[in-house]
Amino acid sequence: MAERKRKIVNDPVYGFITIDHPLIFTLISHPYYQRLRRIHQMALAHLVYPGAMHTRFHHSMGAYHLMCFALMELRAKGVHITAEEEVATKMAILLHDIGHGPYSHALENGIIEGVSHEKISQWLMEELNREMDGALTLTIEIFNGRYHKTFLHQLVSSQLDVDRMDYLNRDSFYTGVSEGVIGYDRIIKMLTVHRDELMVEEKGIYSIEKFIVARRLMYWQVYLHKTVLSAENMLVKILRRAKELALQGVSLYASPALEYFLYHTITAANFEQEPACLQQFCLLDDYDIMGAIKVWAKHPDKILSLLCNWLINRNLFKCILSNEAFDAESIHLMRQKVQQQYGISGKDLDYFVFTGTACLSAYNVNNEKINILFKDGTVKDISSIDNALVSHTLAIPVKKFYICHPKI
């Protein structure tokens, strides 16, 4: 065993975070993990909330801190967790975001189609496990929900996991949107294990309701804010246009890693069969994308240069949200206006006028439920409790339609 390194990291949200196990230190020091420092947690949300500049590294360290707190609390309540399970669960939460690329959702929709960040996380964990001589085997079992102690997986991934607790808390801290603040410490104090499942003690009901309400408010106010939707959709269009030009053989400025994904059609099969593919992916970060966009703003292709200029200078598309789908007539009229103003026609108009949907289930009753354990030993899902807010409104999925177009 390596010398026992004990590190403390000062976090603006929680204070000091302790790293006190050599395996965890090795994992955090790995280049695949360190690249998370170069990927913003909230993509382009800083164009609306300027403070939202924190990274995926910040967030996964915060989630790790809450996991340490949760495991300690459960142990104090007599839940049996071995030292090996503890380290494996902490590593599982550290790795939960490892497969995210720069501007993850835009990348998945623009350049690397059909390959989700969840899939990439799995491949990276397997690769790291090989490099670390099998030290992540139990971590991967817990992460994938194959380990018999279900509650360990639920802490990593469920409707009440420490991942959500950290991102709601952290994102509200950095955006200044106080509606997202949750009583994470009280929620963790209320956690318990019953029949190997994670549950919440009866007296924690209101804290859980507040947590679900906070999630709903953060989605509509921050993550699905119309200007954030506009900026992220513009980024998707930029990447799609760049990919389209690259596959036609047009010369584009790009870092070697970005060039690899622009000039090749990359599918899941490539990731699985070619080790170079995963290595190239791990060289991509926000700097590759933004550096390219700054140069593409001067590209001779009119569509690419217009979109890049607008994104860089925050001249964003107008985004209108509606409860009903937009009719073909209003979309056609807008396309005509764009055609007249910018001289763009045919299929190229799809880059400038487009519709989409934004959906949110603040609490999904079909998913792994949040169960409340009552003093008399009965167990109820939070949405089936009398007078609970969740059953009336928060379990109903909300769907909004949007249209994006240049300001005319």
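Above this text is the structure in question.
Now for a description of the structure that goes with this document. The model shown is predicted, which means the values in this text are computed figures rather than measured ones. (Residues numbered from 1 in each chain as written. Predicted model: local features only at pLDDT ≥ 70, side-chain atom pairs only at ≥ 80, totals over all residues. Heavy atoms only, no water.)

1. With respect to the side chain of Glu86
Then comes step 1: Its location among the elements puts Glu86 in helix H4 (residues 83-94).
Then comes step 2: Judged by its relative accessible area of 19%, Glu86 is buried.
Then comes step 3: Ignoring any residue separated from it by four or fewer positions in sequence, one finds Glu86 in contact with Leu71, Arg75 and Ile81. (Helix = DSSP H or I, 4+ residues; strand = E, 2+ residues; numbered from the N terminus. Buried < 20%, exposed > 50% of the residue type's maximum accessible area, 1.4 Å probe, protein only. Contact = heavy atoms within 4.5 Å.)

2. Overview of the sheet that holds strand E6 (residues 354-360)
Then comes step 1: An order of E5-E9-E6 is seen for the 3 strands of this open sheet, with the pairing classed as antiparallel. Since the sheet does not close on itself, it has two edges, and those belong to strand E5 (318-322) and E6, each with one partner. The mean angle between the axes of side-by-side strands here comes to 25°, regardless of whether they run parallel or antiparallel.
Then comes step 2: Lying on the sheet, helix H11 (residues 205-223) is in contact with E6 and strand E9 (398-405); it crosses E6 at an angle near 170°. (Pairing = 2+ DSSP bridges. Axes fitted to C-alpha atoms, helices over the stretch in contact; angles between N-to-C directions.)

3. Re the pairing of strand E4 (residues 197-201)
A regular strand places its side chains so that they alternate between the two faces of the sheet.
Then comes step 1: With 4 of 5 residues buried, E4 lies mostly within the body of the structure.
Then comes step 2: Inspection of the sheet shows strand E3 (residues 191-194) paired to E4 by 4 bridges, in the antiparallel sense. Bridge assignment links Leu191 to a residue of E4, and that residue is Val200.
Then comes step 3: Between E3 and E4, which follow one another and run antiparallel, lie 2 residues, and Arg195 among them has a positive phi close to 55°.
Then comes step 4: As defined by bridge partners, E4 adjoins strand E7 (residues 371-373) across 2 bridges and the pair is classed as parallel. Counted as the bridge partner of Glu201 is Leu373 from E7.

4. A few points about the environment of Ile238
Then comes step 1: On the secondary structure map, Ile238 appears in helix H12 (residues 226-247).
Then comes step 2: Look at Ile238 and you get buried, because its relative accessible area is 0%.
Then comes step 3: Those residues in contact with Ile238 that lie beyond four places of it in its chain are Ile293, Trp296, Leu304, Leu307, Cys308 and Leu311.

5. Re the packing of aromatic side chains
Then comes step 1: One pass over the structure, following the stated rule, counts 15 aromatic pairs.
Then comes step 2: Summarising the aromatic geometry, the rings of Phe261 and Phe271 are spaced 6.3 Å apart at their centres and angled 25° between planes, so their arrangement reads as stacked. Placement of the pair is Phe261 in helix H13 (residues 256-262) and Phe271 in helix H14 (residues 268-273), with a sequence separation of 10 residues.
Then comes step 3: Judged by centre distance (5.3 Å) and plane angle (70°), the ring pair of Trp310 and Tyr342 falls under edge-to-face. Separated by 32 residues along the polypeptide, Trp310 in helix H17 (residues 302-312) and Tyr342 in helix H18 (residues 328-342) bring together distant segments of the chain. Residues Trp310 and Tyr342 agree in their burial class; the two are buried.
Then comes step 4: Between the NZ or CZ atom of Lys237 and the centre of the ring of Phe354, over which it lies, the distance is 4.4 Å.
Then comes step 5: The lysine or arginine in question, Lys400, covers the ring of Trp220, its NZ or CZ lying 4.3 Å from the ring centre. (Phe/Tyr/Trp six-rings, centres within 6.5 Å; stacked < 30°, edge-to-face > 60°. Lys NZ or Arg CZ within 6 Å of the ring centre and 35° of its normal.)

6. Considering the pattern of salt bridges
Then comes step 1: In this structure the tally under the stated criterion is 18 salt bridges.
Then comes step 2: We note a salt bridge from Arg170 to Asp11, for which the minimum N-O separation is 2.9 Å. Of this pair, Arg170 sits in helix H9 (residues 162-175) while Asp11 sits in strand E1 (residues 7-11), and the two are 159 residues apart along the sequence. In this structure, Arg170 and Asp11 share a single accessibility class: buried.
Then comes step 3: Of the charged contacts, one joins Asp348 and Arg241 as a salt bridge, the two residues approaching to 3.9 Å between their closest N and O atoms. (Salt bridge = Lys/Arg side-chain N within 4 Å of Asp/Glu carboxyl O.)

Fair warning: the whole summary comes from geometry, so function is off the table for now.
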